[in-house]
Structure formats: C-alpha cells, structure tokens
Amino acid sequence: MSEHKDRVVLAYSGGLDTSVAIGWIGEQTGREVVTVAVDVGQGGEDLEVIRQRALDCGAVEAYVADARDEFAENYCMPALKANALYEGEYPLVSALSRPVIARHLVRAAREFGATTVAHGCTGKGNDQVRFEVAITSMAPDMDCISPVRDLALTRDVAIDYAEQHNLPIETTKHNPFSIDQNVWGRAIETGFLEDLWNAPTKDVYVYTDDPTYPPLPDEVVIAFEHGVPVAIDGKRVTPLEAIQELNRRAGAQGVGRIDMVEDRLVGIKSREIYEAPGAIALIEAHRALESVTLERLQRRYKRRMEQAWSELVYEAQWYSPLKRSMDAFIEDTQTYVSGEIRMVLHGGRVMVNGRRAESGLYDFNLATYETGDTFDQSSSRGFIEIYGMQAKLAAARDVRMGEAVGF
C-alpha cells in the first residue's frame, strides 16, 4: 500500500452536501478525497450509481460496501437482545448505523492511506459524536473533520458551489425535513416539526401506513433461537430478512410510529419522528419470549441493564469497555431465549396472544388452579411469615416509639 498523507476519507451519501464536500475539502485543505458509501438498508440509488457520482465529483477513489447483512446481524440483533429503546421509546435507528459506517470509514482509510476522516454532520447533533468517537475508538491515530461544522459548508454555499462547478447533482429540490433511514427504521426531524404543537402530516411517513383505517388483522408467528429471529410463519429467515418482512407487514398496519421529544447528547432537546415497524414488532415479540424463559431476578436486572445499554449506544459508546461488558451479560441471558411467539398486528398495535418455549420456566401444573395443581399451598403461610418479618419488626418498633403506622 502506498502512503498518502494528503488524503481524506469522506462518508458519502450521494446527495448534494457530501457531493459538494468532495471538492470543498480539496480546496480548503489541499487534500485528495476518497469517498465511502455504505448500504445499511436505506434504499434509494444503487451503490454503483453513487460510486460513479463520487468519481464524477472529483473523488480519487470511491469505496462502496453492501453492509445490510452485517448491520442486521452485528448491530440490530444485539439491540434486539437488549430490547433497546432510548428513553423507553426510540429503537436507536441512527445510533446503531453509525458504528458500522465508521468501521468501513476506518477500513477504507487504512486501505487508501488516509489519516483523516470526514463526515457530513452538523455541530448540533448526536451523529458527529457517534462518528468521531467510533472512529477514534477503532483508530486512535486518526483525525476527524466535518465540512459543515469545521469548513463552513452551509447549504446555500453547497448549492452555489454545485452550480458553479456543474456537478452532476440535483440542487433545486428542497426537502423540509432532515431524514435518516436504514433497515431498522426511519428518523425525521426539522422543518415544521420543530414547533412542538404541530402534528406530523401524512407526507412525513414512508415506512408505515395510516393506522386509522388498517387492513384486516395480520397474525404472525416468529421463531427465535437464542434471542435471534430465525423463522416467520415457519419459513426460515436471516436477521435481515426478518426485519424486512416485519417492516412490510407491521408497516402496513401502521405499527412503529413514534413522536417524541428526546434529550440529545449535546445537551438540547429535540423533537423527533420515528418509524420502526419491524424493530418495534420484533422487540415486543422478544420481550414476550423473555417473560417465559428468563428467571425472575435475571429478568428484573436485565431490564435495568437494557436502559443503561440503550443510553450507552445513543451516547456514542458502541465500542466502549462498559458496553462490551454489558454485551457479555446480555448474551448470557439469551441462552434459553428460544421458542415461538404468536402475535396480531393491527391498527398500529402489536398484541402477543401466544407463547411456546421448550426451554421456558412456565410450569402449567404449578400455575393451574384446576385439578392437577402441584403447587403446595400449605408452604405459603410460612413463606409469608418469613418474607414479611422485617416489615413486621419495623412496624412494631414504630408502635413502641409512638409513631403512627398506616393511618
């Protein structure tokens, strides 16, 4: 590999801003630009079209990667095992994709001899932190820059630059929203949504249909092995296929629409609209299976861990030592999370109505109130006496010390 100290690797989407950034970085820094386009299931243009556009806009090399299976298996599945929902709602759509994109940025930088990585994030969002922390966690010797944040590449400047240089990119189309999407979901912000009183309009949504007038209920059976979906309605699927199929079926029922004000890492609150039909359906099914297969204290502690895991990933700590340790715990909890969940998708809701697991801890003979009950009810009296002893002693002390108890 030849050494090129004057190269910058740019995360490239194929859109206006990153297309202009190729020449802009060259002019502002004097360096050649290598672009990196990563497919994480966002749809849109073919990777080869994007690659050719990068070269036409002045890139010296254009790296493309189909990372859909990698993203689904190595990033979405850990999030599913963790039932990851930031602030109890957001399934980490963008936060999950940044580490895998960063991994390919670092790989390309090593391959093409670059020591600086560039991304298109602004200075107000979470993604600048996610990209740069992920990059330096894998490659502490690399520098990071943002054309928007560090090199004054505003949108009006980008349009003027593209027109002056006749770049092969559309400059007149204006989308009022900032949108990020991948196979795990879709994130929409800015525009009129910044007024918290404004309700989302129908054109905001793409992954989900209006749940107000849904089609007939859709019953689906999802089979899991060690916390990973492996079959839908008896048909074997890969993690990517499972997400795609449930995006389609749950999306048709309007499942997975989220409208929230979240706390950004950089210290501001932001109104976000999310669509994640497949993610929400899978998390509901996975939770239902864990209710059958996890031991009580293990499940209780895991719920606390899930919140912490979600916060770590949201806050750019995918490659941190703490998350690595949490991953080990969560993976251990999935040992017996195998079985089937039946659920109905309808009108924006996911309703689990069947659970089956050979490795489950549910014992019909212990749970039943009918003939055949094997639970020894005479044991309960002594259990209650011991279980309530501390509270009883404390109450007796309160009475002895003249304190009123319970009234």
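Up top you'll find the structure we're talking about.
How each quantity is defined
- Residues numbered from 1 in each chain as written.
- Predicted model: local features only at pLDDT ≥ 70, side-chain atom pairs only at ≥ 80, totals over all residues.
- Heavy atoms only, no water.
- Phe/Tyr/Trp six-rings, centres within 6.5 Å; stacked < 30°, edge-to-face > 60°.
- Helix = DSSP H or I, 4+ residues; strand = E, 2+ residues; numbered from the N terminus.
- Buried < 20%, exposed > 50% of the residue type's maximum accessible area, 1.4 Å probe, protein only.
- Lys NZ or Arg CZ within 6 Å of the ring centre and 35° of its normal.
- 1 Å grid on protein atoms, 1.4 Å probe; cavity = no way out; pocket = protein on both sides within 12 Å on 5 of 7 lines; lining within 4 Å.
- Points joined across faces, edges and corners; volume = space filled by probe spheres on them.
- Nonpolar A, V, L, I, M, F, W, Y, C, P; charged D, E, K, R; others polar.
- Salt bridge = Lys/Arg side-chain N within 4 Å of Asp/Glu carboxyl O.
- Axes fitted to C-alpha atoms, helices over the stretch in contact; angles between N-to-C directions.
- Parallel < 35°, antiparallel > 145°, perpendicular 65-115°, else oblique.
- Contact = heavy atoms within 4.5 Å.

Remark: the centre distance and the inter-plane angle together describe each pair of aromatic rings, the angle taken between the planes. Under the counting rule described, the total for this entry stands at 10 aromatic pairs. Seen from their ring centres, Y90 and Y274 are 4.0 Å apart, and the 15 degrees between their planes marks the pair as stacked. Pair noted here: Y90 is in the loop between α3 (68-81) and α4 (93-112) and Y274 is in strand β12 (residues 269-275), with a separation of 184 residues, a long-range link. Its relative accessible area of 1% is what places Y90 among the buried residues. Considering the side-chain rings of Y90 and Y314, the 6.1 Å spacing of their centres and the 90 degrees angle between planes classify their relative orientation as edge-to-face. Taken together, the residues span a long stretch of sequence, with Y90 in the loop between α3 and α4 and Y314 in helix α10 (residues 296-314) at a distance of 224 residues. As far as the burial class goes, Y90 and Y314 line up, both buried. Over the face of the ring belonging to Y314 we find R130, whose NZ or CZ atom lies 4.8 Å from the ring centre. Its guanidinium or amino end placed over the ring of Y205, R257 lies 3.7 Å from that ring's centre, counting from NZ or CZ.

Turning next to empty space enclosed by the protein. Counted by the stated rule, this structure contains 1 cavity of 30 Å³ or more. In this structure, the largest cavity encloses a volume near 30 Å³. In this structure, the largest cavity is lined by L10, D17, T18, A21, H119, G120, P147, V148 and L153. Within the residue set of the lining of the largest cavity, elements represented by two or more residues are α1 (16-29) and α6 (147-150). Per element, the largest residue contribution to the lining of the largest cavity is 3 residues, and it comes from α1.

With that settled, consider the layout of surface pockets. When its volume is computed, the second largest pocket comes out at roughly 260 Å³. Contributing to the lining of the second largest pocket are 13 residues, with N83, R287, R303, E306 and Q307 lying nearest its centre. By residue number, the principal contributor to the lining of the second largest pocket is α10, which donates 6 residues. Grouping the amino acids of the lining of the second largest pocket by side-chain chemistry returns 2 nonpolar, 4 polar and 7 charged.

Overall, the coordinates contain 30 salt bridges when judged by the stated rule. For the salt bridge of E189 with R264, the shortest nitrogen-to-oxygen distance reads 2.8 Å. Here E189, found in strand β7 (residues 185-189), pairs with R264, found in the loop between β11 (257-263) and β12; they are 75 residues apart in sequence, far enough to count as distant. Note on R264: relative accessible area 14%, which makes it buried. The partner of R356 in a salt bridge is E340, and the shortest N-O contact between them spans 2.5 Å. With R356 in strand β14 (residues 349-356) and E340 in strand β13 (residues 339-346), the pair connects residues that are 16 residues apart, well separated along the chain. Here R356 falls in the exposed class, since its relative accessible area comes to 58%. For E340, a relative accessible area of 26% corresponds to the partly exposed category. Residues joined by salt bridges that share partners form a network here, namely D218, D233, E245, R248 and R249.

Now for the packing of α1 against helix α7 (residues 155-164). Running from amino to carboxyl end, α1 crosses α7 at an angle of 80 degrees, the nearest separation of the two axes being 9 Å. The orientation of α1 with respect to α7, classified from their angle, is roughly perpendicular. Packed against α1, whose contacting residues are L16, D17, V20, G23, W24 and E27, the element α7 presents R155, V157, A158, I159, Y161 and A162 at the interface. Tallied by class, residues from the contact of α1 with α7 come to 8 nonpolar, 1 polar and 3 charged.

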